[in-house]
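Structural description and commentary
As a plain string of letters, each chain reads:
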Amino acid sequence: MTLHQRPSLQDVPAYKQGKPAAAGASKLSSNESPHAPLPSVLDSIQDGLANIHRYPSIAAPELTGALSAQFGIPAEHITLGAGSVEVAAQIIHAVAAEGDEVMYAWRSFEAYPSLVRIAGATPVEVPLDAECRHDLPAMLDAITEKTRLIFICNPNNPTGTVVQAEALDAFINAVPRNVLVVVDEAYVHFDRSAVRADGIELFRKYPHVAVLHTFSKAYGLAGLRVGYAISPLDVAANLRKVAVPFGVTDLAQRAAVASLAAIDELSVRIEEVVAQRERMHEGLAAAGYPVVKSQANFVWVDAGEATVELEAKLAAGGVVVRAFPGDGLRISSGTAEDVDRVLAALPAVQEATA
Ligand SMILES: *Cc1c(COP(=O)(O)O)cnc(C)c1O
């Protein structure tokens, strides 16, 4: 006899992690920071080790207090999760029930489709436009009476494209006030747009906006799992209910607080990652690859049918990337040496075909 389980999970794929890299290879498959943790962050974790027999504080007052001070937003709006992936899951569970629709662009963050299906809600995927950007008019057209939630991943993972400030404001203004718009800003620190869309500003301006931030990317804490939402008070209250109790460890909370205090040092690293992103973009574009302008810590090669072949070339050159067969390749911005390897592994297209 087979066990009773939720039949709807049959269609849900397990999350595919970026491939691991062999020793010595460049791991550019998961948009992690290429830099080792800062000494001050390691110290903060060291300080917490003696307490790991205790549960962490669920309210995390030091961390929510520090974030509240940084943004000038009351701490009641700020809720945490074990990475902003968990926070995204919380938001879906808090807002959408069976049969409700959750909209996002596609291709976008790999986790959205599974998280929506796991919650029993219905994913509504609106294709990116020809330039791999959110198609906001099409997203507005796709809103129905069942729409409960719209994710805007900005900059978008995996294409690196951004929604411009004015366009995002106009979009949010056109969305009914009973539909929550979540601006997922996992990569916001790498955005060098002339006028950057600012999720926090939009949260302040509109009653139906929430923002997702993570310590995994710019802050380099992917392994510790901490992210947060800034959301309307009634949403925040429900996020606290659906959160897994004690999901964010004390070590993660300490490291996040120490990272906020180390923003000057981290900013230097962020600039370095941005500089290497630009160098990788220019090198690949000059070599004839269809690379998309990115404002995140990776570049997207819109390689289509050539994706698997390029992935193999990169692997042969000691570079592990994230490939979406038939669609494209996402290559995280690593150190200068990592980028050297990428450019060496992908010679100019004319040479390759000559
Ligand atoms: C990486 C990422 C996140 C967050 O990851 P966590 O490690 O769970 O904080 C959220 N959204 C997008 C689009 C991402 O790429």
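None of the values given here were measured: they were computed from a predicted structure.

Brief notes about the packing of aromatic side chains
Overall, the coordinates contain 10 aromatic pairs when judged by the stated rule. Relative to F298, the ring of Y187 lies with its centre 5.1 Å away and its plane at 85°, an arrangement referred to as edge-to-face. Here Y187, found in the loop between β6 (180-184) and α7 (199-205), pairs with F298, found in strand β10 (residues 298-301); they are 111 residues apart in sequence, far enough to count as distant. The burial state of Y187 is the same as that of F298; both residues are buried.

Concerning the sheet that holds strand β5 (residues 147-153)
Hydrogen bonds between backbone atoms are what pair the strands of a sheet, whose relative direction is either parallel or antiparallel. The strand order across the open sheet formed by 7 strands is β2-β8-β7-β6-β5-β3-β4, and the pairing between neighbours is mixed. Looking at the sheet topology across the chains shown, the edges are occupied by β2 (78-81) and β4 (122-127). On average, adjacent strands in this sheet sit at an angle of 25° to one another, irrespective of strand direction. Sheet topology note: the strand β3 (residues 101-106)/β4 ladder contains 6 bridges and is parallel. Looking across to β4, one finds that A105 is bridged to V126. Seen against the sheet, helix α2 (residues 61-71) touches β2, β7 (209-214) and β8 (227-230) and runs at an angle of roughly 130° to β2.

Considering empty space enclosed by the protein
A water-sized probe, rolled over the atoms, reveals where empty space remains. Taken as a whole and assessed by the stated rule, the structure comprises 2 cavities of 30 Å³ or more. Quantified by volume, the largest cavity comes out at close to 70 Å³. Around the largest cavity sit 13 residues that line it, and P37, L38, Y219, L266 and R269 are the ones nearest its centre. Of the residues assigned to the lining of the largest cavity, the class counts are 8 nonpolar, 4 polar and 1 charged. Counting the residues that make up the lining of the largest cavity, at least three belong to each of domain 1 (7-37 + 264-352) and domain 2 (49-261).

Quick notes on the sheet that holds strand β1 (residues 26-28)
Ordered in space as β1-β11-β12-β10-β9, the 5 strands form an open sheet in which the pairing is mixed. Single-partner strands in this sheet number two, and they are β1 and β9 (291-292). When β10 meets strand β12 (residues 328-332), the two strands line up antiparallel, connected through 4 bridges. The residue bridging W300 from the neighbouring strand is R330, located in β12. Helix α11 (residues 307-316) contacts β10, β11 (319-324) and β12 of the sheet and is inclined by roughly 170° relative to β11. Strands β1, β11 and β12 of the sheet are contacted by helix α12 (residues 336-345), whose axis makes an angle of about 85° with β1.

Describing the UniProt feature "domain: Aminotransferase class I/classII large" (unreviewed entry) in the chain
Those residues carrying the UniProt feature "domain: Aminotransferase class I/classII large" (unreviewed entry) are residues 27-346 in this numbering. Along residues 27-346 the backbone is 41% helical and 18% strand, and the end-to-end C-alpha distance reaches 16 Å.

Here's the deal with the layout of surface pockets
Approximately 650 Å³ is the volume found for the largest pocket. Lining of the largest pocket is provided by 35 residues; of these, Y15, V85, F109, K217 and R225 occupy positions nearest its centre. When the residues that make up the lining of the largest pocket are grouped by side-chain class, the tally is 15 nonpolar, 11 polar and 9 charged. Both domain 1 (7-37 + 264-352) and domain 2 (49-261) contribute no fewer than three residues apiece to the lining of the largest pocket. In this model, the second largest pocket occupies a volume close to 370 Å³. Lining the second largest pocket are 18 residues, and of these K16, E110, R322, A323 and F324 sit closest to its centre. Those elements that place two or more of their residues in the lining of the second largest pocket are α4 (111-118), α11 and β11. In the lining of the second largest pocket, the residues fall into 10 nonpolar, 2 polar and 6 charged. Shared between two domains, the lining of the second largest pocket holds at least three residues of each, these being domain 1 (7-37 + 264-352) and domain 2 (49-261).

What about the site of the ligand?
In the neighbourhood of the ligand, 13 residues make up the surrounding shell, with S84, Y187, T214, S216 and K217 lying closest. S84 is positioned with one of its backbone polar atoms (N or O) 2.6 Å from an oxygen atom of the ligand. D184 has a polar side-chain atom sitting 2.8 Å from a nitrogen atom of the ligand. Protein contact buries 94% of the 380 Å² of open area that the ligand shows by itself.

Some words on the pattern of salt bridges
Evaluated as defined, the whole model comprises 14 salt bridges. Where K205 meets D169, a salt bridge forms, and the shortest distance between an N and an O atom there is 2.7 Å. Of this pair, K205 sits in helix α7 while D169 sits in helix α6 (residues 165-174), and the two are 36 residues apart along the sequence. On the basis of relative accessible area, D169 is assigned to the buried category, the value being 19%. For the salt bridge of E309 with K313, the shortest nitrogen-to-oxygen distance reads 4.0 Å. Of this pair, E309 and K313 both sit in helix α11, separated by 4 residues, roughly a single helical turn. Accessibility expressed as a relative area gives 48% for E309, which makes it partly exposed. K313 gets classed as partly exposed once you look at its relative accessible area, which sits at 26%.

Rules behind the numbers
- Numbers given for residues are sequential positions, taken from 1 along each chain in its written order.
- Thresholds applied to this predicted model are a pLDDT of at least 70 for local features of residues and 80 or more for the giving and counting of side-chain atom pairs; totals over whole chains, interfaces and linings are not thresholded and use all residues.
- Where side-chain values are given, they derive from all heavy atoms of the structure, hydrogens and water being excluded.
- Aromatic contacts are taken between Phe, Tyr and Trp rings whose centres are within 6.5 Å, Trp giving its six-membered ring; a plane angle under 30 degrees counts as stacked, one over 60 as edge-to-face, and the others as tilted.
- Numbering goes from the N terminus for both helices and strands, where a helix is a DSSP run of H or I of at least four residues and a strand is a run of E of at least two.
- Type-normalised accessible area, obtained with a 1.4 Å probe on protein chains alone, sets the label of each residue: buried when under 20%, exposed when over 50%, and partly exposed for intermediate values.
- A strand pair is defined by DSSP finding two or more bridges across the two strands.
- Lines fitted to C-alpha atoms define the axes, with helix axes restricted to the stretch in contact, and inter-axis angles between N-to-C directions lie between 0 and 180 degrees.
- Contacts: residue pairs with any heavy atoms within 4.5 Å of one another.
- Points on a 1 Å grid over protein atoms alone make up a cavity when a 1.4 Å probe fits among them but cannot get out, and a pocket when they form an open set with protein on both sides within 12 Å along at least five of seven lines; lining residues each have an atom within 4 Å of a point.
- Grid points are joined across faces, edges and corners, and a volume is the space filled by probe spheres set on the points.
- Charged means Asp, Glu, Lys or Arg here, nonpolar means Ala, Val, Leu, Ile, Met, Phe, Trp, Tyr, Cys or Pro, and polar covers whatever is left, Gly included.
- These domain limits were set by an automatic method or by a database of domain assignments.
- UniProt positions are given in the numbering used here, feature names are shortened, and annotations may be inferred rather than shown by experiment.
- Whether a residue is near a molecule or strand depends on its heavy atoms: it is near if one of them lies within 4 Å of it.
- Pairs of N or O atoms within 3.5 Å make up the polar contacts considered here, provided that, within protein, one atom can donate a hydrogen while the other can accept it, and that residues adjacent in sequence are counted only when both atoms are side-chain atoms.
- Accessible areas in this description were obtained via Shrake-Rupley with a 1.4 Å probe; residue shielding takes into account the shown protein chains only.
- Salt bridges are defined as contacts in which a side-chain nitrogen from Lys or Arg sits within 4 Å of a carboxyl oxygen from Asp or Glu.

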